[in-house]
Amino acid sequence: MSCGAQKAEFGHWHQQWEALVCAIHWVNPNCPVDFRVPGAREIPLLTVYERLKNNQVKIFAPNIEQRDVVNHLKGSPAEEKRNVLVESARLARGNIQDLAELKAGEFDAVIFPGGFGVAKNLCSWAVDGKNCTVNEHVNATLQAFHSAKKPIGLCCISPVLAAKVFPGCEVTVGQDKNVDGRFPDAETAAAIAELGCKHICKNVNESHVDKANKIVTTCAFMCKAPLHEIFDGIGTMVQEVLKLA
């Protein structure tokens, strides 16, 4: 996940965290706008849900320098430098590997939790929008699982990774309009469409399955919703990923 200092207008999901990737082995045949940390919540939600389903989960992150760092006590950028893998290890309690070491052949599925770290460290969406670049190891991971016809799950802002890497795919980041003020980043849907992909409007407790590409997405904290509704959406995403595995 990442540390934010850019003043990009992405409202609801601004945070200072790193960027994690969860790879699943199927066992059963920072920006001073909104300092909430949805990515930090999505990681435990994902891992708890996956482990409840008796899956082995391994966590990865890129071994790169964070784009920037925010001092959340002061609400301002910090001058220090931090490493994405090192910072991500705090969420994984040290049980983490370099994303460069992830081999698609050893896993049945991969899930990208969301958070501002995706938009700042896994790609440059926070700064460049639809003209962003995707980290080479993230790109390689997505391509490897896709080529192997293994499912890919993405939530929160991370569906933009699929939209950037797989033109023509179907994803959701919630709604394309700010319905009742619950979707403050609804313009992301239009940017996804401009990339040649199809945005599917879904509620926060739902997910969308692109069966052709085996891509499953849910909006998570792209929606201002109670935590239990977000958990339900992540749960459906994980379930659909496992069905495809």
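Residues numbered from 1 in each chain as written. Predicted model: local features only at pLDDT ≥ 70, side-chain atom pairs only at ≥ 80, totals over all residues. Heavy atoms only, no water.

J.: Quick question: what am I supposed to make of the pattern of salt bridges here?
T.: When the charged atoms of two side chains with opposite charge come close together, those side chains can pair. Enumeration over the complete set of coordinates arrives at nine salt bridges. Here lysine 81 and glutamate 65 are joined by a salt bridge, their closest N and O atoms 3.8 Å apart. Taken together, the positions of lysine 81 in the loop between strand 4 (76-78) and helix 2 (84-91) and glutamate 65 in the loop between strand 2 (56-61) and strand 3 (69-71) put the pair 16 residues apart, joining distant regions of the chain. The partly exposed category is assigned to glutamate 65, whose relative accessible area is 48%. (Salt bridge = Lys/Arg side-chain N within 4 Å of Asp/Glu carboxyl O. Helix = DSSP H or I, 4+ residues; strand = E, 2+ residues; numbered from the N terminus. Buried < 20%, exposed > 50% of the residue type's maximum accessible area, 1.4 Å probe, protein only.)

J.: For this particular structure, what's the right way to read unusual backbone geometry?
T.: For residues that are not glycine, phi is negative in most cases, and the peptide bond is trans in most cases. Phi at cysteine 156 takes a positive value of approximately 60°, unusual for a residue other than glycine. Assignment of secondary structure puts cysteine 156 in the loop between strand 7 (152-155) and helix 6 (159-165). Phi angles above zero are rare outside glycine, and alanine 220 is one such case at about 50°. Exposure remark for alanine 220: the relative accessible area of 1% places this residue in the buried category.

J.: Help me understand the pairing of strand 11 (residues 215-218), please; the structure alone is not making it clear to me.
T.: Consecutive side chains of a regular strand alternate in pointing toward one face of the sheet and then the other. Where burial is concerned, the two faces of strand 11 agree: the one with Ile215 and Thr217 and the one with Val216 and Thr218 are both buried. With four bridges connecting them, strand 7 and strand 11 associate as parallel partners. Note on strand 11: the bridge partner recorded for cysteine 155 is threonine 218. With three bridges joining them, strand 10 (residues 208-210) and strand 11 adopt antiparallel strand pairing. Residue pairing for strand 11: histidine 208 is matched across the bridge by threonine 217. Turn length for the strand 10-strand 11 hairpin, with the two strands adjacent in sequence and antiparallel, is four residues, and the turn residue lysine 214 shows positive phi of about 55°. (Pairing = 2+ DSSP bridges.)

J.: Whenever I open this one, the packing of aromatic side chains confuses me. Can you help?
T.: For any pair of aromatic rings, the description rests on two quantities: the centre-to-centre distance and the angle between the ring planes. On inspection of all chains with the given rule, the structure shows one aromatic pair. Their ring planes at 90° and their centres at 5.9 Å tell us that phenylalanine 60 and phenylalanine 107 sit as a pair that is edge-to-face. Highlighted residues: phenylalanine 60 in strand 2 and phenylalanine 107 in the loop between strand 5 (96-98) and strand 6 (109-112), separated in sequence by 47 residues. Per residue, the accessibility class of phenylalanine 60 equals that of phenylalanine 107, and both read buried. (Phe/Tyr/Trp six-rings, centres within 6.5 Å; stacked < 30°, edge-to-face > 60°.)

J.: Can you help me understand the confidence of the model for the chain in this one?
T.: Do not read the fine detail of predicted coordinates wherever pLDDT is low. Per-residue pLDDT for the chain averages 83, and the proportion of residues at 70 or more is 80%. Low pLDDT, under 50, characterises residues 1-18; the stretch is placed with 129 contacts to residues that sit more than four places away or in other chains. The low-confidence segment residues 27-38, where pLDDT is below 50, has 50 contacts with residues more than four positions distant or belonging to other chains. (pLDDT = per-residue confidence, 0-100. Contact = heavy atoms within 4.5 Å.)

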